[in-house]
Structures are given as structure tokens and as C-alpha cells.
Amino acid sequence: MSATTLDPKTALVVVDLQKGITGLPSVHPGADVIAHAATLADAFRAKGLPVVLVRVTGGAPGRTEGPARSGQPAADWADIVPELGPREGDIVVTKLTWGAFHGTDLDLQLRRRGVTQVVVAGIATSIGVESTARSAYEHGYHVTVATDAVTDMSAEAHENSVERIFPRLGETDTTAAIIKLLG
């Protein structure tokens, strides 16, 4: 884990830290992930850098072997947790698939602001976070993942993403180290 630098135009992208997801059982407590992500968001806002809050409100169509969601989610299921906002100036992206880029205007929003790098945080490490990091990399952004601001429902999947996938997509480091790089 060692992020080396942050571009002058770096955005924070926080994936699925919403009421219906953060309370699920996970490798690292949701409250800790929220606290780290909120610390990052405050630091980015203080530097005048974009903060993107991503929420999921549906699912991609198609057959899967995994279990389908059952029942109607709570009315506030997709609400971003209050510790994160949104605050004035934040970008809120609503997605229907795992990654924050597909089917949304996220790339357009970032390019309009001259963003060349993203720091990614959120839940689930191996699903929404990894899909977003992969797509950011494929879109040509430098990618950094805040390893203490991500968690997953599966320890094995979390470890695979952090140790094997993210280093191939960019750099990884802790919230404190990333904030130090913000200057």
C-alpha cells in the first residue's frame, strides 16, 4: 500500500454508502468505513475538490445464479448516509448497475471539471468499488483506493480486490496517507 501522488484535479468517488447497504454484515464495520469516507470527503471539500456520492437504486437486467432481492426496500434504502451528505457542491450519481460509470453521467461530470484522478471508497469492495475502479481505469483516470474506507460482505472477496486487483488498476493507501497527499 503506497499511493505516491494525487493529481491537482482529483475527485473522491464514494460508492453505495447508503442507508440500505451500510448496515449489512461486512468484513470491516460499516461505521468505520463511513467515518473514513466522511473524513476523506471533508478533506476533499476543504481543498475545493469534487466529491461524488454514488447510490444504487436498482439492478441490471439479466439472469444470474445469485439470489434475487426479495421484498420492497425501505423508503430510505437509497438515501446517502447523513455523515456524508450530500453537501452543497457534491455530485450525486444514481446507478442501476454495480459500477458508477455505466449508464450514468459520471465520466461527463468528471471531465467537465478537468478531473484526471479518482480516489474510490465504499461498499462492496469486490462489487461496486471494484467495478467503479476498473471502469475509471478503463476511462483513463489515475485510480487510488482508500483501503480503510472500503469493505465487503466476504473477507475472501475483499482481500482479493485489495491485494490482487486494485494494485493492477492504480494505487492503494489509507485515508490518513491520502489526506497527507492532498497537502
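What you see is a predicted model, and the numbers here were worked out from it, not measured in a lab. (Residues numbered from 1 in each chain as written. Predicted model: local features only at pLDDT ≥ 70, side-chain atom pairs only at ≥ 80, totals over all residues. Heavy atoms only, no water.)

Draft legend 1. Inspection of the packing of aromatic side chains at higher detail. Counted under the stated rule, the structure contains one aromatic pair. Taking 6.0 Å as the distance between ring centres and 35 degrees as the angle between the ring planes, the aromatic pair formed by Phe101 and Tyr141 counts as tilted. Here the residue Phe101 occupies a position in the loop between strand 3 (91–95) and helix 3 (106–112), and Tyr141 occupies one in the loop between helix 4 (125–138) and strand 5 (142–151), the gap between them amounting to 40 residues. (Phe/Tyr/Trp six-rings, centres within 6.5 Å; stacked < 30°, edge-to-face > 60°. Helix = DSSP H or I, 4+ residues; strand = E, 2+ residues; numbered from the N terminus.)

Draft legend 2. Spatial organisation of the sheet that holds strand 5. The parallel open sheet is built from six strands, whose spatial order is 3-2-1-4-5-6. In this open sheet, the two edge strands, each paired with only one partner strand, are strand 3 and strand 6 (171–173). Sheet twist, expressed as the average angle between the axes of neighbouring strands with direction ignored, equals 25 degrees. Together, strand 5 and strand 6 form the strand contacts of helix 5 (residues 155–169), whose direction differs from that of strand 5 by roughly 165 degrees. Contacts from helix 6 (residues 175–182) reach strand 4 (117–123), strand 5 and strand 6, with the element oriented near 140 degrees to strand 5. (Pairing = 2+ DSSP bridges. Axes fitted to C-alpha atoms, helices over the stretch in contact; angles between N-to-C directions. Contact = heavy atoms within 4.5 Å.)

Draft legend 3. Spotlight on the pattern of salt bridges. In total, this model carries six salt bridges according to the counting rule given. Among the salt bridges present, the one from Asp42 reaches Arg45, with a minimum N-O distance of 3.3 Å. Taken as a pair, Asp42 and Arg45 lie in helix 2 (residues 30–46) at a separation of three residues, close to a single helical turn. Arg134 is the salt-bridge partner of Glu130, the closest N and O atoms lying 2.8 Å from each other. Taken together, the residues Glu130 and Arg134, both in helix 4 and four residues apart, mark about one turn of the helix. By relative accessible area, Glu130 is classed as buried at 9%. Within this structure, Asp42, Arg45 and Asp90 form a network of salt bridges that share partners. (Salt bridge = Lys/Arg side-chain N within 4 Å of Asp/Glu carboxyl O. Buried < 20%, exposed > 50% of the residue type's maximum accessible area, 1.4 Å probe, protein only.)

Draft legend 4. Highlighting the packing of helix 4 against helix 5. Relative orientation of the contacting elements helix 4 and helix 5 amounts to 5 degrees, with a least axis distance of 10 Å. Considering the angle they form, helix 4 stands roughly parallel to helix 5. Of the residues in helix 5, those touching helix 4 at Thr125, Ser126, Val129, Glu130, Ala133, Arg134 and Tyr137 are Ala157, His158, Ser161, Val162, Ile165, Phe166, Arg168 and Leu169. Of the residues assigned to the contact of helix 4 with helix 5, the class counts are eight nonpolar, four polar and three charged. (Parallel < 35°, antiparallel > 145°, perpendicular 65-115°, else oblique. Nonpolar A, V, L, I, M, F, W, Y, C, P; charged D, E, K, R; others polar.)

Draft legend 5. Region of interest: the pairing of strand 1 (residues 10–15). Strand 1 sits mainly inside the fold: six of its six residues count as buried. The alternating pattern of strand 1 places Thr10, Leu12 and Val14 on one face and Ala11, Val13 and Val15 on the opposite face, and all of these are buried. Examined bridge by bridge, strand 1 and strand 4 share six bridges and lie parallel to one another. Bridge pairing links Ala11 to Val118 in strand 4. With four bridges connecting them, strand 1 and strand 2 (residues 51–56) associate as parallel partners. Looking at the pairing, Val13 lines up with Val52 of strand 2.

Draft legend 6. Molecular detail of unusual backbone geometry. A cis geometry characterises the amide bond from Gly85 onward to Pro86, with omega recorded as 10 degrees. Summarising the element assignment, Pro86 is placed in the loop between strand 2 and strand 3. The omega torsion of the bond from Ile123 to Ala124 falls at 0 degrees, within 30 degrees of zero and hence cis. Take Ala124: it is sitting in the loop between strand 4 and helix 4. Phi is positive for Asp16, which is not a glycine, with a value near 60 degrees.

In short, shape yes, function no, at least from these values alone.
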